[in-house]
Amino acid sequence: MTRYFTDEHEWIDVDGSTATVGITSYAQEQLGDIVFVEVPASGASVSKGGEAAVVESVKAASDVYAPVSGTVTEGNAALADDPSLVNSDPEGAGWFFKLTLADPGELDGLMDEAGYKAFVAGL
Amino acid sequence: MSDTNNLQEVLTLPLDGWHRAKGARMVPFAGYAMPIQYEGIMAEHLWTRESAGLFDVSHMGQLILSGDGADAALEAVTPSDLIGLKQGKQRYSMLLNEDGWIEDDMMVARAPMGLYLVVNGSEKAKDIAFLRAHLPDHLTLTHLEDRALLALQGPKAVDALARVVPGVDRLFFMEADSFIWANAGDPQPLWISRSGYTGEDGFEISVPADHAVALADVLAAQPEVKPIGLGARDSLRLEAGLPLYGHDLNDTTNPAMADLGFAVAKRRREAADFPGAASILIELNQGPPLTRLGFIVEGRQPVRENVELFDGDRSVGFVTSGGHSPCLGQPIGMALLEENWAKTGLTLEAEVRGKRVPVKTVPMPFVPHRYHRAISRQAKPDGSDIAPHQTKGAK
């Protein structure tokens, strides 16, 4: 399994043609207390860079973009009852959705962990 | 994730470095770099409700209006009784343009040197121009740019502040006076009112800018006190049902629409001598075309500003402020609703990102006010006891 990152602060764990998407620890820290998450329904198609989910903190709503195109296989139902999982475990239990990749070639150009760390350090 | 920062010319306030040293996240607000949060909005909000929070509101405009007949002259652009405002008393008021639309809301206190006004930071330049244009030339309007403004809010604010400035506990809600703060041998004059923008007991403290850091240090060192950012200031005022200019109030709302009838003085109603009186008095009696109301959301999805509210297919109003209530653990908001829907107990639907979310209109405040009133007074059953507030917070 390989983890990639976007410059919009999403992470994506890729395992063959399936992947899990969430937002990074840096992102949840910037957002603050998360009170609501809207994840895409199973079967929804998402396109790379397009709006895929919404995360709402006390102060604002923010879009979460799909790191790659694909078909959603599962939204994280646990976030409906406990959106604060995104704060407490953003890169684990606070995942947003799983999808089947449409084109693994879209992973080219995403950052690896070292690249993302350097990116965040420069912000 | 989307990024919503705006880069523009941003000024700094006297406590800028103090906030940064306390770990605040700074954001541009009303043209200044201001702390949106320190440890987190939720924790800061709850701390203020149970103990005491220190807010830097130095972006707000502190003005002195002095000269003969300043009170009568200011009355001409407000619906307030300012002639009847006694020394050491403060009142919630608003600036009305010629047609009775709200140019800003503000606090007015009678101080020894004149009328002391606190106006919204985002509106202060406009307000000063408005006042200069509408007030007689013999009056003097002084912008106290050399003073910072701190607010200490919460049930334990009085304990903390009385330790630093003995005697403040004698003030009741909406009273104000001068105090001398010892400041370790360098005594400084403070103007302190017992008021705020959280619904809690508390104080607002005008301090010479050069000594703001020292005062913030001594207040933050009290065991009851933590620094609180603009994020919690907004959620606190929302729970208290207090309107925010630029969101719930603007120059297309009037005091009747804003449900601020308490701020239209009896004497001014009888004389019908305030701007827009002809139409505002009718609306106060018969109901305005749109009225500010509170709502709670069923479920967890926040319903925010500008979201449209529906009764079936009929659009009946729109949200002016909305967000998560840390005390209630659910989303709340304020909306402007059309006349036939301007009542509590209705179930409506908000349309958020194409989906309908049920909301229910309710009385405000959402969380009861806990002011230290001179005469104990019960909130009216309809929740119309929306009491005076100090001004403005953040989004």
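The preceding data block contains the structure.
Notes on the structure follow. (Residues numbered from 1 in each chain as written. Chains lettered and ligands numbered in written order. Predicted model: local features only at pLDDT ≥ 70, side-chain atom pairs only at ≥ 80, totals over all residues. Heavy atoms only, no water.)

### Digging into unusual backbone geometry
Trans peptide bonds make up most of the peptide bonds, and negative phi angles are found at most residues other than glycine. With an omega of 0°, the peptide bond between M364 of chain B and P365 of chain B qualifies as cis. Of note in this structure, H9 of chain A is not a glycine but carries a positive phi near 70°. By the element assignment, H9 of chain A lies in the loop between β1 (2-5) and β2 (10-15). A positive phi is found at M174 of chain B, a non-glycine position, where the angle reads about 65°. Here M174 of chain B lies in the loop between α5 (157-164) and β10 (176-181). (Helix = DSSP H or I, 4+ residues; strand = E, 2+ residues; numbered from the N terminus.)

### Describing the nonpolar core
Side chains that are nonpolar tend, in soluble globular proteins, to be buried together. All names here are of chain B. Formed by 43 residues in total, the largest nonpolar core has its most connected members in Y92, M94, I102, Y116, L249 and F274. Listed by contribution, the elements that provide at least two residues to this core are α2 (41-50), β5 (90-96), β6 (102-111), β7 (114-119), β9 (147-153), α7 (230-239) and α9 (277-286). Per-element tally for this core: the top contributor is β6, with four residues. Once residues within four sequence positions are removed from consideration, F274 is found in contact with T78, P79, L96, V264, R268, R269, I280 and L281. Counting 32 residues, the second-largest nonpolar core is a separate cluster that includes M26, A157, L161 and L219. (Core = buried A, V, L, I, M, F, W, Y, C linked by side-chain atoms within 4.5 Å. Buried < 20%, exposed > 50% of the residue type's maximum accessible area, 1.4 Å probe, protein only. Contact = heavy atoms within 4.5 Å.)

### Some thoughts on the interface of chain B and chain A
On the side of chain A, 26 residues touch chain B, which itself brings 17 residues to the contact. Across the interface of chain B and chain A, roughly 1,900 Å² is buried in total on both sides, 50% from carbon and sulfur atoms. In this assembly, chain B and chain A are joined by four salt bridges. Across the pair K355 of chain B and E38 of chain A runs a salt bridge, and its minimum N-O distance is 3.5 Å. Scanning the region where chain B abuts chain A turns up 12 residue pairs in polar contact (both at pLDDT 80 or more). Sorting elements by how many residues they give to the side of chain B that touches chain A places α2 of chain B first, with three residues. (Buried area = accessible area lost by both parts, 1.4 Å probe. Salt bridge = Lys/Arg side-chain N within 4 Å of Asp/Glu carboxyl O. Polar contact = N/O pair within 3.5 Å; in protein donor to acceptor, adjacent residues only side chain to side chain.)

### Remarks on the pairing of β7 of chain B
All names here are of chain B. Along β7, six of the six residues are buried, which leaves the element largely enclosed by surrounding structure. Relative to β7, strand β4 (residues 61-66) runs antiparallel, the two sharing five bridges. Of the residues in β7, the one forming a bridge with G61 is V119. Relative to β7, β6 is paired through six bridges, and the arrangement is antiparallel. (Pairing = 2+ DSSP bridges.)

Remember that the coordinates give geometry; whether it matters functionally is a separate question.
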